[in-house]
Amino acid sequence: MSKYETLSQESIVKCIRLPLPSHRENAVIQPGLFKGTYSAHGIELVLLSYNDGDKSAIITKITGDDNVPAGEITITADLSQQKFETNKESDSLPLSSAGLPVQRFELSSSIYSRSDEVPEFCLYRFNSNGQVAYTGFDNPTFIKGEWVIFDSVSFGHIWLMLHSFSIYKRVTETFV
């Protein structure tokens, strides 16, 4: 038995031209490439774009996994109504570097995060839906979630039914 085994002699490689979205004047976070945590699947690349006159955010997988492959939508967020967490400390919370009011952000004890870097504050929160599926993209379904914008380079998604939190950071590396 060799050190490396070939699992399959057939591989399908699909190359697509990736149209990067342009700057959006009033976007809650600028569109572009992000890398995010996906539970046991590890780090994956996603593309954030906007649709419907900036009323919804669409996050599409650039690299996929056994459940939700590349090219499929992973998260959609409804930007028509911002969520606000209310607490008695809200009047004393700081402003962001852009002068925007911030909200305290804390994951409930029932939500699991693979990241040790969960921000304490966020700028925006919106209702969202995240796509899940069984292996082989079997029975794909969107489940409720919450899309959280932390700053100009990072956002998160709470997968409510999975009791899981993913964090995404803007890709700063350049590709040739």
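Everything numeric in this text was worked out from a predicted model, so none of it was measured.

Student: Would you mind showing me how to read unusual backbone geometry here?
Tutor: Working note: non-glycine residues mostly have negative phi, and peptide bonds are mostly trans. Positive phi outside glycine occurs at phenylalanine 137, with the angle close to 55°. Topologically, phenylalanine 137 is positioned in the loop between strand 8 (124-134) and strand 9 (138-151). One non-glycine residue, asparagine 139, lies in positive phi territory at about 55°. By secondary structure assignment, the location of asparagine 139 is in strand 9. Asparagine 139 sits in the partly exposed class, given a relative accessible area of 48%.

Student: I'm lost on the pairing of strand 1 (residues 32-38) in this one. Help?
Tutor: On any regular strand, side chains alternate: one points to one face of the sheet, the next to the other face. Of all 7 residues making up strand 1, 6 are buried, and the element is well covered by its neighbours. Relative to strand 2 (residues 42-51), strand 1 is paired through 7 bridges, and the arrangement is antiparallel. Bridging from a neighbouring strand, tyrosine 38 pairs with glycine 42 of strand 2. Hairpin geometry of strand 1 and strand 2 is characterised by an intervening segment of 3 residues between the two adjacent antiparallel strands and by a positive phi of about 45° at serine 39. Pairing of strand 1 with strand 11 (residues 164-170) involves 3 bridges; the strand directions are antiparallel. Pairing of lysine 35 across the sheet is with lysine 169, part of strand 11.

Student: Please clarify how the side chain of threonine 74 should be interpreted in this entry.
Tutor: Along the chain, the position of threonine 74 falls in strand 4 (residues 73-82). Taking relative accessible area as the criterion, threonine 74 reaches 0% and is therefore assigned buried. Here threonine 74 is in contact with Tyr38, Val46, Ile59, Thr60, Lys61, Asn129, Gly130, Gln131 and Trp159, once residues within four sequence places are set aside.

Student: Where do I start with the confidence of the model for the protein chain in this structure?
Tutor: Should the pLDDT be low somewhere, the predicted coordinates at that spot are not to be read in detail. For the protein chain, mean pLDDT is 84; residues scoring 70 or higher make up 79% of the total. Note on residues 1-9: pLDDT is under 50 here. Beyond four places in sequence and across chains, it has 0 contacts.

Student: Would you take a moment to explain the packing of aromatic side chains for this structure?
Tutor: Think of a pair of aromatic rings as described by two things: how far the centres are apart, and how the planes are tilted against each other in angle. Under the criterion given, the structure shown has 10 aromatic pairs. Between phenylalanine 105 and phenylalanine 150, the ring centres sit 5.1 Å apart and the planes meet at 80°, which makes this aromatic pair edge-to-face. Linking phenylalanine 105 in the loop between strand 5 (103-104) and strand 6 (112-113) with phenylalanine 150 in strand 9, this pair joins segments that are 45 residues apart in sequence. By the ring-pair criterion, three or more aromatic residues cluster together here, those being Phe34, Tyr38, Tyr124, Phe126, Trp147, Phe155, Trp159 and Tyr168.

Student: Looking at this structure, I do not really get the pattern of salt bridges. What am I missing?
Tutor: Side-chain pairing between opposite charges can occur once the charged atoms of the two side chains come close. Evaluation of the coordinates by the stated rule reveals 5 salt bridges. Lysine 61 is paired through a salt bridge with glutamate 44; the nearest N and O atoms lie 3.1 Å apart. Taken together, the residues span a long stretch of sequence, with lysine 61 in strand 3 (residues 56-61) and glutamate 44 in strand 2 at a distance of 17 residues. There is no split in this pair, since lysine 61 and glutamate 44 are both buried. A salt bridge links arginine 125 to glutamate 146; the shortest N-O distance between them is 2.5 Å. You can see arginine 125 sitting in strand 8 and its partner glutamate 146 sitting in strand 9, a full 21 residues away along the chain. Residues arginine 125 and glutamate 146 agree in their burial class; the two are buried. Via salt bridges that share partners, Glu44, Lys61 and Asp65 belong to a single interconnected network.

Reading the values: the criteria
- Residues numbered from 1 in each chain as written.
- Predicted model: local features only at pLDDT ≥ 70, side-chain atom pairs only at ≥ 80, totals over all residues.
- Heavy atoms only, no water.
- Helix = DSSP H or I, 4+ residues; strand = E, 2+ residues; numbered from the N terminus.
- Buried < 20%, exposed > 50% of the residue type's maximum accessible area, 1.4 Å probe, protein only.
- Pairing = 2+ DSSP bridges.
- Contact = heavy atoms within 4.5 Å.
- pLDDT = per-residue confidence, 0-100.
- Phe/Tyr/Trp six-rings, centres within 6.5 Å; stacked < 30°, edge-to-face > 60°.
- Salt bridge = Lys/Arg side-chain N within 4 Å of Asp/Glu carboxyl O.

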